[in-house]
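Here are the chains, one letter per residue:
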Amino acid sequence: MPLLENGHVTEDRWAQAIAGEALPAGAVIVPLERLEEGLARPKDAPLGVAIGPDVDVAVLRPALPRLGLVAVTFPSFRDGRAFTQARALREHLSFTGEIRATGTPLPDQYEFLLRCGVTTVQTDRAEDVAVWQQAHEIISIAYQPSVLHERPQGLGLRRFLATD
Amino acid sequence: MSTDTATQPVGRYAYDEVDRTFLSQRVAQFREQVGRRVAGDLSEDEFKPLRLMNGLYLQLHAYMLRVAVPYGMMGADQMRELAHIARTYDRDYGHFTTRQNIQFNWIRLEDTPDILERLAGVNMHAIQTSGNCIRNVTCDEFAGAAADELLDPRIHAEILRQWSTLHPEFSFLPRKFKIAISGSPHDRVAARFHDIGLVAHPGPNGRPVFDVFVGGGLGRTPIIGVHLCHDLPEEDLLAYLEAVVRVYNAYGRRDNMYKARIKILVQALGVEQFREKVDAEFAQMNRADYRLEPAIVEGIRARFGIPDLDAPADAAQKLDSDRKADARFDRWVRTNTHAHRHEGFISAVVSIKPDGGIPGDVTADQMDLIADLADEFSFGEIRVTHMQNVVLGHVRKDRLRDLWLRLDGAGLGTPNIGLVGDIIACPGLDYCALANARSIPIAQKLSARFANPELQENIGTLRINISGCINACGHHHAGHIGILGVDKRGEEFFQLTLGGSAENDVAIGQIIGPALPEDETVDAIARLIDTYLVLRNEGEAFIDTYRRLGAASFKDAVYAPA
């Protein structure tokens, strides 16, 4: 499936680091083990990092001002650790760059991803983009705060979700 | 009887258009998911967590649909809809569960979206009654009625229901997550056998505070929950629970489903290190985002209907004279009622454990009758208990005998609450794909054997719990007498544990010895009870005699028949 942003297909301007090869000059996503190498590039070269689900995102704190993207991953759609990582990046580390979900999340998890702070999704799944768009639009009400700071509706916990 | 506000259901949260829109969207979403499954766009592996989060299990013979009864509260109109579903889509009955829900055992996948739509029509759903998410929050069955209650826990149970509904971060946890909440010093919710147990009491500023227990549970590894936080302020309730569940989501084991509950993480880290992690998370959260303001709590409280507790001055006197005039009624009042905070009212427990019957099974006709009686006698309010019975919470004392006559006439007047016949049993091998043994026939035989109400009352308080496998859905570890079904070379055997309790005197039952063949189990339990009757001191309950004398005094009775 092409890269998805807010329910729409978008162009991917990031390259992936290739194992055993030098990092390219432009925007590149490096695995956590090559973060130092990425940081050694010129300061204006866009840098992203891909982390496994067992990583405490606090380790990214020193590098975060230089990072334009953090990729979290779902080795299985059942493994929900990346939700917590994404939310912590937004809430605890005030990260404002792109958070990309990779691996095999389900379209049915799309709203959860967005509400935890994920901005783009890149999966190998075969669904039509329309299934993801629909998953984003089908539920318009939530019952708890999220990092998107939707405004509560009346006196209670409810809030309306943006569906554009 | 009238309610204070005609539009608001007594004892539970009143839905409005926004809540109804949410439910109808959820039904549409599930219909679409079923469609993708049927079309092959979703594999069974992918569809499974989606259907589980709508309460749909695949059992031994058919799909089972578990409908949520939030904190055990429902209305007469909802019960009638459940009766309709039982008649139309099942085999004329349903089954009350230990999480205060109701499940239907013979459901077709293709009917499920329609059933969910019918449920949504009465503001009900099956959301998060299964799956690795925060499950239905359970609560004291006498909430808002009990004389011993310090505060009504249902308002906060509703807040937790809403907060946990489709929670973006906590819908794919390592394993299921169960929360119970009580507002009474007498633990009727098994707070320390839950992933999180909350015990609320009024705090210094008039707002509630919560004692938080974490990491309790039964299952394969029974563990009593540890005390994590003392007097948590109400405004931090959601923030603190977020912190606990986050630590669990990040660090709970995912490599082995039998080691994935939070109790295993708490034990592995030790309570101090677990608390440090929770405190560190709590300290760095944007607490303002999660603050549970009194205005929010009061906004939700205002959506609860309040019963108009108005009884004649001589209501209690009338009950006294009714009891003196009818010994059978008097016995039922002794065993099946609970003291109400209002002197003219009482809470009545309808036993769903008839002599020789299947614990928790209720027919469609019985559901309709319970609904009618709730309308007539208890403001249309019905409570499902974690003991798989039903409570009518607010019955006028002068009308209690009328209620009992109606129940008794319909076979719903069994006077056995808290006694031998009030057995908790899992569905067992009659339904469940995981079970090793049939729990239900043992429950039926025990219940028939001890059917005599005088004998039951003489034996006194005795909790018997039966599980058909080590997953312990019948909570056998928490029973005064626990019975666990095991498979020995294709034969059903039953292992006995003694001394468990899920109440204030919480304890895990201990295995007394080798498992017994099915046909010897009921006799062995009968000898165990006979031994207790001989050994007990005046007024001493089984559990206390067991604790005073230890297992040795009972072992001979089980294994050396006279």
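Further up the page is the structure itself.
Only a predicted model underlies this, so the values are computations on that prediction, with no experimental measurement involved. (Residues numbered from 1 in each chain as written. Chains lettered and ligands numbered in written order. Predicted model: local features only at pLDDT ≥ 70, side-chain atom pairs only at ≥ 80, totals over all residues.)

Visitor: Would you mind going over the overall build of chain A with me for this structure?
Guide: Helices and strands together make up the secondary structure of chain A, namely four helices and 10 strands. When the helices and strands of chain A are read in sequence order from the N terminus, they spell out β-β-β-β-α-β-β-α-β-α-β-α-β-β. Against the compact-globule benchmark of 15 Å for 164 residues, chain A has a radius of gyration of 16 Å, which places it among compact chains. Once the C-alpha set of chain A is aligned to its principal axes, its extents read approximately 50 × 35 × 25 Å. Looking at chain A as a whole, 39% of its 164 residues qualify as buried. Within chain A, contacts between residues separated by at least 24 positions form 43% of all contacts whose residues are at least 6 apart in sequence. (Helix = DSSP H or I, 4+ residues; strand = E, 2+ residues; numbered from the N terminus. Rg over C-alpha atoms; globule rule 2.2 N^0.38 Å. Buried ≥ 20, exposed ≤ 12 C-beta atoms within 10 Å, placed from the backbone. Contact = placed C-beta atoms within 7 Å.)

Visitor: Even after reading the chapter, I still don't get the packing of helix H3 (residues 76-89) of chain B against helix H4 (residues 112-121) of chain B, so can you show me in this structure?
Guide: The axes of two packed helices give the description: the angle between them and the distance between them. Residue and element names in this part refer to chain B. Taken N-terminus to C-terminus, the directions of H3 and H4 make an angle of 160 degrees; their axes are 10 Å apart at the nearest point. Here H3 lies roughly antiparallel to H4, going by the angle between them. Judged by the sense of rotation from one axis to the other, the crossing of H3 with H4 is right-handed. Taken together, the residues of H4 that come into contact with H3 (itself represented by Glu-81, Ile-85 and Tyr-89) are Ile-115, Arg-118 and Leu-119. (Axes fitted to C-alpha atoms, helices over the stretch in contact; angles between N-to-C directions. Parallel < 35°, antiparallel > 145°, perpendicular 65-115°, else oblique. Left-handed = near helix turned anticlockwise from the far one by under 90°.)

Visitor: Where do I start with the interface of chain B and chain A in this structure?
Guide: Interfaces are often sized by the accessible area lost when the parts come together. Taken together, the 36 residues of chain B in the interface contact 32 residues of chain A. Looking at the side of chain B that touches chain A element by element, the count peaks at eight residues for helix H1 (residues 17-39) of chain B.

Visitor: How should the packing of helix H6 (residues 237-251) of chain B against helix H8 (residues 271-284) of chain B be read in this particular structure?
Guide: Residue and element names in this part refer to chain B. At their nearest, the axes of H6 and H8 sit 9 Å apart, and the two run at 125 degrees to each other. The pairing of H6 with H8 is recorded here as oblique in orientation. Two packed elements cross with a definite hand, and for H6 against H8 that hand is right-handed. Across from Ala-239, Tyr-240, Ala-243, Val-244, Arg-246 and Val-247 in H6, the residues of H8 making contact are Lys-277, Val-278, Glu-281 and Phe-282. Residues belonging to the contact of H6 with H8 are distributed by class as follows: seven nonpolar, no polar and three charged. (Nonpolar A, V, L, I, M, F, W, Y, C, P; charged D, E, K, R; others polar.)

Visitor: It is not clear to me how the pairing of strand E6 (residues 67-74) of chain A should be interpreted in this structure. Could you clarify?
Guide: Regular strands place their side chains on alternate faces of the sheet. Residue and element names in this part refer to chain A. With seven of eight residues buried, E6 is to be regarded as a mostly interior element. Summarising the sheet, strand E5 (residues 47-50) and E6 pair through four bridges and their orientation is parallel. Directly across from Ala-50, in E6, lies its bridge partner Ala-71. Here E6 pairs with strand E7 (residues 98-103) via six bridges, running parallel. Within the sheet, the bridge partner assigned to Thr-73 lies in E7 and is Thr-102. The handedness of the E6 to E7 crossover, carried by helix H2 (residues 81-91), is right-handed. (Pairing = 2+ DSSP bridges. Right-handed = clockwise from strand over helix to strand, strands pointing away.)

Visitor: Can you help me understand the nonpolar core in this one?
Guide: A general feature of soluble globular proteins is that nonpolar side chains tend to end up buried together. Of all hydrophobic cores here, the largest spans 216 residues; its most connected members are Val70(A), Val212(B), Tyr240(B), Val244(B) and Ile370(B). Per-element accounting of this core gives the leading share, 11 residues, to H6(B). Excluding residues that lie within four positions of it along the chain, Val70(A) makes contacts with Gly48(A), Val49(A), Ile51(A), Leu60(A), Leu89(A), Phe95(A), Gly97(A) and Ile99(A). (Core = buried A, V, L, I, M, F, W, Y, C linked by C-beta atoms within 7 Å.)

Visitor: What exactly am I supposed to notice about the environment of Arg175(B) here?
Guide: Counting through the fold element by element, Arg175(B) comes out in the loop between helix H5 (154-164) and strand E7 (179-182). Once residues lying within four places of it in the same chain are set aside, the contact partners of Arg175(B) are Asn132(B), Met257(B), Ala260(B) and Arg261(B).

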